[in-house]
Amino acid sequence: MSILKTIQSPADLKRLSPEQFPALCQELREQIIGAVSNVGGHLASNLGVIELTVALHYLLDTPKDKIVWDTSNQAYAHKLLTGRREQFHTLRQYGGMSGFTKREESVYDTFNAGHAGTGVSAAFGMVAAREQLAQKHKVVCVVGDGAMTSGMTLEGLHHAGGLEKDFLVILNDNQMSISKNVGAISSYLNRTFTGEFYTKMREETGHLLGKIPHIGADVQKWARRAEELAKGAILPGLLFEELGFRYAGPIDGHNFEHLLPTLENVLKMKGPVLLHVFMKKGIW
Ligand SMILES: Cc1ncc(C[n+]2csc(CCOP(=O)(O)OP(=O)(O)O)c2C)c(N)n1
């Protein structure tokens, strides 16, 4: 029985148990591949953010809480979970659904995007409006590593980091723009550790330390502290910390056991926070 067909809005998603999410993600992938095979579109970017999209709509209270998808070439799963499954076959066709987010199309689409690099500034505008109106909702911007190299993204981070209002930026780091990412920020992000290497190292060290009788658990605790310090030195958090953001992550963007608790935590944090998530473009 299809899980996706039972979801008319994120309220239905909240009724599922997280154990059902992998099966739901599989259905989302099948729908997206089916539609893109017919009409073309941004296949790889969309397959890469499916777990993140499910986790965000599960934890946030959209449309009251706002999600801004930078460029919005990766919003197909967002569209499928927000009441547009039945029109999905009209994607990118005359008179049909847009391939990008479009406010005229849905209350869940917060910004008419298409140009890369506009998301952080647009989302921070929504943060500023919220503060003016003394409202309480959350604002989350998902921005790719390609768009992170855009001047407007850096202006947005600079502005948000200086004003210290609650704002979550999620860096969707798949090490790819439309083709391989280039330039200084891209090499900075990838300089020393890839997410896979880092996660593996952390798991293996923890596992080995835990095996040492009597002292294993204590050593593990200290190793975790040392790891936090080392992370600051070897991972790219420093750039964002210097811009006034608290840096969290990196985490595996395809693993709900990492995604859900981490997102839950960062959504509770005060001030500007950047969560670094590693994704694989085109993952099936
Ligand atoms: C200003 C601008 N330049 C180029 C493009 C073409 N374009 C569409 S998607 C994309 C890749 C963006 O990469 P990234 O931000 O890493 O997001 P991903 O697709 O990897 O999730 C580009 C360059 C665009 N939409 N806007």
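The text that follows walks through the structure, step by step, so that each part is easy to find. Note that the coordinates shown come from a computational prediction; the quantities given were computed from them, not determined experimentally.

What about the site of the ligand?
Piece 1. Contacts to the ligand come from 18 residues, most closely from Ser45, Ala116, Gly144, Gly146 and Ala147.
Piece 2. Partitioned by chemical class, the residues of the shell around the ligand number four nonpolar, 12 polar and two charged.

Overview of the pairing of strand E3 (residues 167-173)
Piece 1. Where burial is concerned, most of E3 is hidden: seven out of the seven residues are buried.
Piece 2. Both faces of E3 are covered, namely the face carrying Phe167, Val169, Leu171 and Asp173 and the face carrying Leu168, Ile170 and Asn172.
Piece 3. The sheet contact formed by strand E2 (residues 139-144) and E3 spans five bridges and is parallel. Within E3, the residue paired with Val142 across the bridge is Ile170.
Piece 4. Following the backbone out of E2, through helix H7 (residues 151-163) and into the adjacent parallel E3, one traces a crossover that is right-handed.
Piece 5. Note that E3 and strand E5 (residues 272-278) share seven bridges and pair parallel. Bridging across to E5, Leu168 finds its partner in Val273.

Regarding helix H2 (residues 21-39)
Along an α-helix, a turn takes 3.6 residues, which lines up residues three or four apart on a common side.
Piece 1. Taking 1.5 Å of rise per residue, the 19 residues of H2 would be expected to cover 27 Å, and the 27 Å separating its terminal C-alpha atoms lies within 8% of that figure.
Piece 2. The complete set of buried residues in H2 reads Phe21, Leu24, Cys25, Leu28, Ile32 and Ala35. Summarising the axial view, the buried residues of H2 lie within an arc of 100 degrees, below the 170-degree limit, and thus occupy one face. The outward face of H2, more than 90 degrees from its buried face, is lined by the exposed residues Gly34, Ser37 and Asn38.
Piece 3. Gly40 occupies a position one or two residues after H2 and carries a positive phi of about 75 degrees.

Some words on the nonpolar core
Piece 1. With 61 residues, the main nonpolar core has Val140 and Val169 as its most contacted residues.
Piece 2. The element contributing the most residues to this core is H2, with six residues.
Piece 3. Filtering out sequence-adjacent residues up to four positions away, Val140 remains in contact with Leu56, Leu60, Ile67, Leu168 and Ile170.

Some thoughts on the environment of Ile3
Piece 1. Along the chain, Ile3 falls in the segment before helix H1 (10-14).
Piece 2. Ile3 sits in the partly exposed class, given 17 other C-beta atoms within 10 Å.
Piece 3. For the pair Ile3 and Ala23, spaced 20 residues apart in the sequence, the C-alpha separation amounts to 7.7 Å.

Things to note about the packing of H2 against helix H4 (residues 50-59)
Piece 1. Two elements in contact, H2 and H4, have axes separated by 10 Å at closest approach and are oriented at 125 degrees. With respect to their mutual orientation, H2 and H4 come out oblique. The element H2 and its partner H4 pack so that their crossing is right-handed. Of H4, the residues touching H2 (which contributes Phe21, Leu24, Cys25, Leu28 and Arg29) are Ile50, Glu51 and Val54.
Piece 2. Taken together, the residues of the contact of H2 with H4 sort by class into six nonpolar, no polar and two charged.

Considerations on the sheet that holds strand E4 (residues 246-252)
Piece 1. Pairing within the open sheet is parallel, and its five strands lie in the order E1-E2-E3-E5-E4. Of all the strands in the sheet, the pair left with one neighbour each is strand E1 (66-69) and E4. Strand-to-strand twist across the sheet, computed as the mean angle between neighbouring axes with direction ignored, equals 20 degrees.
Piece 2. Across the sheet, helix H6 (residues 119-132) is in contact with E1, E2 and E3; its angle to E2 comes to roughly 170 degrees.
Piece 3. The strands that helix H12 (residues 256-268) touches are E3, E4 and E5; relative to E4, the one it contacts most, it runs at about 170 degrees.

Here's the deal with the pairing of E5
Piece 1. The element E5 is largely enclosed, with a buried count of seven among its seven residues.
Piece 2. In E5, alternate side chains face the same way, and those of Pro272, Leu274, His276 and Phe278 on one face and Val273, Leu275 and Val277 on the other are all buried.
Piece 3. Where E4 meets E5, five bridges bridge the pair, whose relative direction is parallel. Within E5, the position partnered with Ala248 by the bridge is Leu275.
Piece 4. Handedness of the crossover is the feature at issue here: the chain leaves E4, passes through H12, returns alongside E5, and the resulting connection is right-handed.

What counts as what
- Residues numbered from 1 in each chain as written.
- Predicted model: local features only at pLDDT ≥ 70, side-chain atom pairs only at ≥ 80, totals over all residues.
- Near = placed C-beta within 6 Å.
- Nonpolar A, V, L, I, M, F, W, Y, C, P; charged D, E, K, R; others polar.
- Buried ≥ 20, exposed ≤ 12 C-beta atoms within 10 Å, placed from the backbone.
- Helix = DSSP H or I, 4+ residues; strand = E, 2+ residues; numbered from the N terminus.
- Pairing = 2+ DSSP bridges.
- Right-handed = clockwise from strand over helix to strand, strands pointing away.
- Expected span 1.5 Å × (residues − 1).
- Arc of directions from axis to C-beta.
- Core = buried A, V, L, I, M, F, W, Y, C linked by C-beta atoms within 7 Å.
- Contact = placed C-beta atoms within 7 Å.
- Axes fitted to C-alpha atoms, helices over the stretch in contact; angles between N-to-C directions.
- Parallel < 35°, antiparallel > 145°, perpendicular 65-115°, else oblique.
- Left-handed = near helix turned anticlockwise from the far one by under 90°.

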